[in-house]
Amino acid sequence: MIVSINSIELVKEFAKVVAESGKYVIAVSEQYRVDASSMMGLFSLDLTKPITLEFPEDCEELKAKLQKFLYGRKK
C-alpha cells in the first residue's frame, strides 16, 4: 500500500491509527524503514514523496482504516 501523509495533522492521525491497531507496520521511503506508528520515525522520512507500507499478514481491518491516506486518492 502506498500512502501520502504530507502534513503534521495527517502524520498524527496516521500514526495513531497504526498504533491503535497493535500491528507492526513498516513505513518505507527510499532507503529508510521506520515503525509506522512512530511519529518521530515518520517525520524522519521525506514526506513530500509517497510512503510504501509493509504489513504483517491478517491486516485487512487496518488496511481498510488507512484507505483515506492512499496516495493519489481524491480528497
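All values derive from a computational prediction rather than experimental measurement. (Residues numbered from 1 in each chain as written. Predicted model: local features only at pLDDT ≥ 70, side-chain atom pairs only at ≥ 80, totals over all residues. Heavy atoms only, no water.)

With 22 residues, the main nonpolar core has Ile5, Phe14, Ala27, Leu42, Ile51, Leu53 and Leu66 as its most contacted residues. Counting only elements with at least two residues in this core, the list comes to α1 (8–21) and β4 (51–54). At 6 residues, the largest contribution of residues to this core is made by α1. The residues contacting Leu53, other than those within four sequence positions of it, are Met1, Val3, Phe14, Val25, Ile26, Ala27 and Leu66. (Core = buried A, V, L, I, M, F, W, Y, C linked by side-chain atoms within 4.5 Å. Buried < 20%, exposed > 50% of the residue type's maximum accessible area, 1.4 Å probe, protein only. Helix = DSSP H or I, 4+ residues; strand = E, 2+ residues; numbered from the N terminus. Contact = heavy atoms within 4.5 Å.)

Let us now look at the sheet that holds strand β2 (residues 26–29). Strand order in the open sheet made by the 4 strands is β1-β4-β2-β3, with antiparallel pairing throughout. For this open sheet the edge positions go to β1 (2–3) and β3 (32–35), each flanked by a neighbour on one side alone. Sheet analysis places β2 next to β3, joined by 4 bridges and oriented antiparallel. Each residue of the ladder has a partner; that of Ala27, found in β3, is Val34. (Pairing = 2+ DSSP bridges.)

All quantities given are derived from atomic positions and should not be read as evidence of function.
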